[in-house]
Amino acid sequence: MSHLADNVILLLAVLLLIGVLSTKFSNRFGMPALVLFIAAGMVLSHFIYFNNASFTQIAGIFALIVILFEGGMQTSMKDIRPIILPALSLSTIGVLITTGIVGLFAKLILDVPWAESLLFGAIVGSTDAAAVFSVLGGKNIDKRLTSTLEAESGSNDPMAVFLTVSLLEWILHPDMALWRLIFSFIWEMGIGLLLGWVLAKLAVWLINKINLESSGLYPVLAVGFAVLTYGVAAQLHSSGLLAVYVLGLVMGNSELMYNRTIMNFNHGFAWMMQIAMFIILGLLVFPQELVNIAWQGLLLSLILMVVARPIGVYISLLFAKYSFREKTLISWAGLRGAVPIVLATYPLLAGLPQGRLFFNVVFFVVLTSAVIQGTTISPLASRLKLVGKDRPVLSLMELVALGKTNSEFNHIRIEERMVIANRQIASLELPNDILFTAIIRNDQVVAPHGNTVIEPGDILYVLSPKKKREELHALFKGASSIVLQK
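These notes cover the structure that comes with them. A quick note: this is a predicted structure, and the numbers were derived from the prediction, not measured.

## Remarks on helix α9 (residues 157–172)
Here α9 is 16 residues long and its end C-alpha atoms lie 23 Å apart, about the 22 Å a rise of 1.5 Å per residue gives. Across the 16 residues that make up α9, a large majority, 12, are buried. Inspection of α9 places D157, P158, M159, A160, V161, F162, L163, T164, S166, L167, L168 and I171 among the buried residues, and these make up the whole buried set.

Written out as structure tokens, the structure reads:
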């Protein structure tokens, strides 16, 4: 058993490292790196038998909590305020129309009852926040359009979950009254929205007031609030995913201590959750089953991309001030990802005869969406002349953290034995390209000047070229720690 555990840990480590390194490859070709993990999961399925839909659903819901929370926090209220109504129209009317059209074709292609065909439409009816944020991040696409897509993808998941669960209930209990569904929708969305806002205010107040021993605990506290928000919403039979997205949106647009630390932690955590979900998708599909329904899966994927999604977008944005070209790009950028994977587990757990069929078809939908749409969004935006005038501007700290410059930030704790201790900065004769940017002294920030004396106990922040690491170490000879600042 211990040998098996060691092998699993080694395998996970390799997958994680490949995932991080593959982002360089994916950025070059415009394809989400997560596609590679579907392939990795399929390869692993030859060595590991995994067919646990219940675990997949639990892991998937947790992943969606993290992904939506991170997506909400990085969404600027200033950017989405002008497009909030079109985004809401896309996430409600658009999802309903897409569900209906896909359901119609699923009835004809898969030869399943009407209720089940609409259920499949609901499973693939919403865009995926993780996939959209992953593909659009850093792209030079018009900001108004990216804000619309991000707001839609963050807010349409609750609609897809509601439709999926409601249709499943209808299939299992055909005599269910329609008014109950309408009341349930109003309750779920209303309470989810209110609960997310209330708990966000509480979270901001607590994070700003509490004095934790380590700054690394604040991101954990923030994620704890996200999980708590979902749990409380679920107990109240409201939309937990909507509550989590609103929580992130309010927290990300508030004056929040350690905001950057929390954002960086959430970004990495969300990546891990996306990786896990795509590996699980690969593990849960069996190639021998895929061959039998390949043409049906590919045909439904094509219909979703070129028929159902565009019609849903054009109708839901009928009265919005978007040009035909803008609507075309919005319709093509409706990526599918982790959400359909999670929703596809619902019919499996309910024991529907078509549950396995639906899951296999979802595989084709997610794969083709990522490979075809994910790689062509940027070229299409250029062809439609919807590329922004200016490239996205990153802060200096973000550029350094992303490895996009030849420089790096270091922070060094000054000690008594160091040559630099108790000396003025002007007397150090620093090279021109090594710059002292800040000093932390007694929990206060001190701006460094030529006559500033470097005192033992100071934490000195230094910006320097990567190629001059040896010179930097020589300058601070005797330092117990020189740490690259993330």
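## Section: the pairing of strand β3 (residues 435–441)
Where β3 meets strand β6 (residues 459–465), five bridges bridge the pair, whose relative direction is antiparallel. Across the sheet, residue A438 finds its bridge partner in β6, namely Y461. Sheet topology places β3 next to strand β4 (residues 444–446); three bridges connect them, and they run antiparallel. The partner of I440 across the bridge, within β4, is V445. Between the end of β3 and the start of β4, which pair antiparallel, lie two residues, with N442 showing a positive phi angle near 55°.

## Comments concerning the environment of N52
By secondary structure assignment, the location of N52 is in the loop between α2 (34–44) and α3 (53–73). Between the C-alpha atom of N52 and that of L283, which follows or precedes it by 231 residues, the distance is 9.9 Å.

## Description of the pattern of salt bridges
One pass over the structure, following the stated rule, counts four salt bridges. Between R309 and E152 there is a salt bridge, with its nearest N and O atoms 2.7 Å apart. Remark: E152 occurs in helix α8 (residues 143–155) and R309 occurs in helix α15 (residues 294–316); sequence separation between them is 157 residues. The exposure class assigned to R309 is buried, which follows from its relative accessible area of 4%. Residue E152 is classed as buried on the basis of its relative accessible area, which comes to 1%.

## Some words on the nonpolar core
Counting residues in hydrophobic clusters, the biggest one holds 93 residues, and the most contacted among them are F120 and M251. Ranked by residue count, the leading element in this core is helix α13 (residues 259–284), at 12 residues. Not counting residues within four places of it along the chain, the set of residues in contact with F120 comprises V102, A106, L300, F358, V361, V362 and V365. Residues L145, L317, L329 and L386 belong to the second largest nonpolar core, which totals 24 residues.

## As for the packing of helix α6 (residues 114–123) against α9
Across the interface, α6 lies against α9 with an axial gap of 8 Å and an inter-helix angle of 165°. One way to sum up the angle between α6 and α9 is to call them roughly antiparallel. When the axes of α6 and α9 are compared, the crossing they make is left-handed. Every residue of α9 that contacts α6 at A115, E116, L118, L119, A122 and I123 is listed here: A160, L163, T164, L167, L168, W170 and I171. Partitioning the contact of α6 with α9 into residue classes produces 11 nonpolar, one polar and one charged.

Criteria and thresholds
- Residues numbered from 1 in each chain as written.
- Predicted model: local features only at pLDDT ≥ 70, side-chain atom pairs only at ≥ 80, totals over all residues.
- Heavy atoms only, no water.
- Helix = DSSP H or I, 4+ residues; strand = E, 2+ residues; numbered from the N terminus.
- Expected span 1.5 Å × (residues − 1).
- Buried < 20%, exposed > 50% of the residue type's maximum accessible area, 1.4 Å probe, protein only.
- Pairing = 2+ DSSP bridges.
- Salt bridge = Lys/Arg side-chain N within 4 Å of Asp/Glu carboxyl O.
- Core = buried A, V, L, I, M, F, W, Y, C linked by side-chain atoms within 4.5 Å.
- Contact = heavy atoms within 4.5 Å.
- Axes fitted to C-alpha atoms, helices over the stretch in contact; angles between N-to-C directions.
- Parallel < 35°, antiparallel > 145°, perpendicular 65-115°, else oblique.
- Left-handed = near helix turned anticlockwise from the far one by under 90°.
- Nonpolar A, V, L, I, M, F, W, Y, C, P; charged D, E, K, R; others polar.

Any functional reading would require information that these geometric values do not contain.
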